[in-house]
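This is what each chain is made of:
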Amino acid sequence: MNIILLGPPGAGKGTQASRLNAERGMVQLSTGDMLRAAVAAGTPVGLKAKAVMEAGELVSDEIVTGILSERLDQPDVKQGFILDGYPRTATQAESLERLLAEKGMALDYVIELAVDEEALVDRITGRYSCAKCGEGYHDRYKQPKVAGTCDVCGSHEFKRRPDDNEATVRNRLVEYRAKTAPILPFYEAKGLVRRVDGMAPIGEVNTAIEAILDGR
Ligand code: ADP
Ligand code: ADP
Ligand code: ZN
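Structural notes, computed from the coordinates.

Rules and cut-offs
Residues numbered from 1 in each chain as written. Chains lettered and ligands numbered in written order. Predicted model: local features only at pLDDT ≥ 70, side-chain atom pairs only at ≥ 80, totals over all residues. Heavy atoms only, no water. Helix = DSSP H or I, 4+ residues; strand = E, 2+ residues; numbered from the N terminus. Expected span 1.5 Å × (residues − 1). Buried < 20%, exposed > 50% of the residue type's maximum accessible area, 1.4 Å probe, protein only. Near = heavy atom within 4 Å. Polar contact = N/O pair within 3.5 Å; in protein donor to acceptor, adjacent residues only side chain to side chain. Areas by Shrake-Rupley, 256 points an atom, 1.4 Å probe, with all protein chains shown as cover. Nonpolar A, V, L, I, M, F, W, Y, C, P; charged D, E, K, R; others polar.

**Describing helix α9 (residues 202–213)**
The α-helix advances 3.6 residues per turn, and as a result positions three or four apart in sequence lie on the same side.
Step number 1: An ideal rise of 1.5 Å per residue puts 16 Å on 12 residues; α9 measures up with 17 Å between its terminal C-alpha atoms.
Step number 2: Residues Val205, Asn206, Ile209, Glu210, Ala211, Ile212 and Leu213 constitute the buried set of α9.
Step number 3: Immediately downstream of α9, the backbone of glycine 215 shows phi near 70°, a positive value.

Written as structure tokens, this is what we have:
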């Protein structure tokens, strides 16, 4: 099963992808994570992407499609994958069609996480993650079971993203509205879109997605 999680920054794509990975072994393909790894490693792609990401703008279609294409060639994606943060433009949606056709893969669903915009700034400015394993948390909505200790790996170190500040989030929402939301009709025309209420608590959103994947 191969799916796209589509929704604005803060909708819960990463959170849900990580649950699906734990529950079904589906592989999370987050272009944001791939770009952040490139920035941290100081690769040529990372050097180009850093300032663009910090401004809350979109990295070029060519760069992002290039890194995704390489990732899709790794054998683990055969277990089924979850695209998180890609495609984000009409050009990327078209590139994805071509990549999947070339690689003999297909999409089963595009799951739209619908959320109120006012909630997003609150979600993103409270977001942090484990510095060791990457597990995601929130100051109010998803706290570690033991304060200051990662549930998954026990680490005591956490980090916040430099682009998770209010000004940058506003810009990312503008980008989402202008460039990403308009690709929904492309997938609606193919009959792939399923809408989920992303305002529900994390566990309920997970249940709704599982029901779709199980054809219930
Ligand atoms: P995205 O990957 O779509 O940008 P995340 O999955 O990182 O979003 O979620 C953004 C923040 O909101 C995180 O801190 C996460 O813990 C929190 N969060 C995710 N889903 C929910 C939810 N359904 N209700 C409340 N908070 C949530
Ligand atoms: P969020 O889910 O919070 O929006 P991501 O981790 O998906 O954040 O993306 C962080 C940043 O990485 C984006 O603001 C953008 O600069 C860049 N990025 C990630 N994926 C893409 C993409 N598919 N196309 C262009 N830029 C991207
Ligand atoms: Zn951890």
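**Here's the deal with the site of ligand 1**
Step number 1: Taken together, 18 residues sit near ligand 1, with Gly10, Thr15, Arg127, Tyr137 and Ala200 positioned nearest.
Step number 2: With respect to ligand 1, the backbone of alanine 11 contributes an N or O atom lying 3.2 Å from an oxygen atom.
Step number 3: Take threonine 15: an N or O atom from its side chain is 2.5 Å from an oxygen atom of ligand 1.
Step number 4: Bound to the protein, ligand 1 loses 91% of the 560 Å² it would expose on its own.
Step number 5: Listed by contribution, the elements that provide at least two residues to the shell around ligand 1 are α1 (13–24) and β6 (136–138).

**Description of the site of ligand 2**
Step number 1: Residues in contact with ligand 2 amount to 19 residues; listed here are only the nearest, Thr31, Glu57, Arg88, Arg127 and Arg172.
Step number 2: Here an oxygen atom of ligand 2 and a side-chain polar atom of arginine 36 are 2.9 Å apart.
Step number 3: Glycine 85 is positioned with one of its backbone polar atoms (N or O) 2.9 Å from a nitrogen atom of ligand 2.
Step number 4: For ligand 2, the accessible surface in isolation is 550 Å², of which the surrounding protein chains cover 97%.
Step number 5: In terms of residues, the shell around ligand 2 owes the most to one element, helix α2 (residues 31–41), which gives 4 residues.
Step number 6: In terms of residue class, the shell around ligand 2 is built from 7 nonpolar, 4 polar and 8 charged.

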